[in-house]
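One letter stands for each residue in the lines below.
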Amino acid sequence: MKWIVGLGNPGPAYEKTRHNVGFMALDELASRHGFTFNQSKCKSVIAEGIISGQKAVLMKPMTYMNLSGEAVRAYMDYYKVHLDDMIVVYDDLDTAVGRIRLRYQGSAGGHNGIKSIIQHTGTQSFNRVRMGISRPTPGRAVVDYVLGTFPKQEQEPLQQMIHSTCDALEHSLSHTFEQTMQRFNG
């Protein structure tokens, strides 16, 4: 079984914000495969099903971004799952809008959701798909930027990025993460 954790903030106020691209990608993946987020477990909403012959659990922590690690830890402890089978999907300021980057380890890079997961798992070694949101223009506060919505001119690259993320996640279910990195890290 693989478990895919999309990071974001719960509630309609955050739904279309840059910080919620992890949720957006999981919503699209669920839609592609007819999954429904209808279970509330381990501080998360969860959808389950089969993708590429592999059982997949899609998980959206409801803890708010900065406490994402609490949901990841609760799921690990309750279901006795392994970090090797987890992929975290989240927004990245250092990647351009429309692009994705896959990694299997590294620091939080200032991302509080990743920082929380590292804190609660005790390791920086876990698979990740970083979805680009670009950096704000100089003088604009990062917090306002990530909690803002995508402007009209970024809607097409955003949709392409969500599509690419789902393609990479589907590929990772029937290939190693290293093979997926080789294919999707352009």
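That block above? That's the structure.
Residues numbered from 1 in each chain as written. Predicted model: local features only at pLDDT ≥ 70, side-chain atom pairs only at ≥ 80, totals over all residues. Heavy atoms only, no water.

It is worth spelling out the pairing of strand S1 (residues 2-6) at this point. When you tally the buried positions in S1, you get five out of five residues, the bulk of the element. Both faces of S1 are covered, namely the face carrying Lys2, Ile4 and Gly6 and the face carrying Trp3 and Val5. Judged from the four bridges that link them, S1 and strand S4 (residues 54-61) form a sheet pairing that is parallel. Directly across from Lys2, in S4, lies its bridge partner Ala56. With four bridges joining them, S1 and strand S5 (residues 86-92) adopt parallel strand pairing. Within S5, the position partnered with Val5 by the bridge is Val88. (Buried < 20%, exposed > 50% of the residue type's maximum accessible area, 1.4 Å probe, protein only. Helix = DSSP H or I, 4+ residues; strand = E, 2+ residues; numbered from the N terminus. Pairing = 2+ DSSP bridges.)

Once that is clear, we can look at helix H1 (residues 21-33). Between its first and last C-alpha, H1 extends 19 Å over 13 residues, near the 18 Å set by a 1.5 Å rise per residue. Looking at H1, one finds that the buried residues are Val21, Gly22, Phe23, Met24, Ala25, Leu26, Leu29 and Ala30. Contacts from the buried residues of H1 go to S1, strand S3 (44-51), S4, S5, strand S7 (127-132) and helix H5 (155-172). Residue Gly34 follows H1 closely and has a positive phi angle near 70°. (Expected span 1.5 Å × (residues − 1). Contact = heavy atoms within 4.5 Å.)

Counting residues in hydrophobic clusters, the biggest one holds 34 residues, and the most contacted among them are Ile4, Val21, Leu58, Val89, Ile100, Leu102 and Met131. If sequence neighbours within four positions are ignored, Val21 has contacts with Tyr90, Asp91, Met131, Ile133, Phe150, Leu158 and Met161. Among the nonpolar cores identified, the runner-up in size contains 22 residues, and Val57, Val88, Ile114 and Ile117 belong to it. (Core = buried A, V, L, I, M, F, W, Y, C linked by side-chain atoms within 4.5 Å.)

This next bit is on the environment of His175. Tracing the chain through its elements places His175 in the loop between H5 and helix H6 (177-184). Here His171 takes part through its backbone oxygen, which lies 3.0 Å from a polar atom of the side chain of His175. At 3.1 Å, the side chain of His175 forms a polar contact with the side chain of Ser174. (Polar contact = N/O pair within 3.5 Å; in protein donor to acceptor, adjacent residues only side chain to side chain.)

Turning our attention to the pattern of salt bridges. On inspection of all chains with the given rule, the structure shows 11 salt bridges. With a closest N to O distance of 2.9 Å, Glu170 and Arg32 form a salt bridge. One end of the pair, Glu170, is in helix H5; the other, Arg32, is in helix H1, with 138 residues separating them in the sequence. Note on Glu170: relative accessible area 18%, which makes it buried. Asp92 is paired through a salt bridge with Arg130; the nearest N and O atoms lie 3.2 Å apart. Of this pair, Asp92 sits in strand S5 while Arg130 sits in strand S7, and the two are 38 residues apart along the sequence. The burial state of Asp92 is the same as that of Arg130; both residues are buried. Where salt bridges share partners, they join Glu28, Arg32, Asp167 and Glu170 into one cluster. (Salt bridge = Lys/Arg side-chain N within 4 Å of Asp/Glu carboxyl O.)

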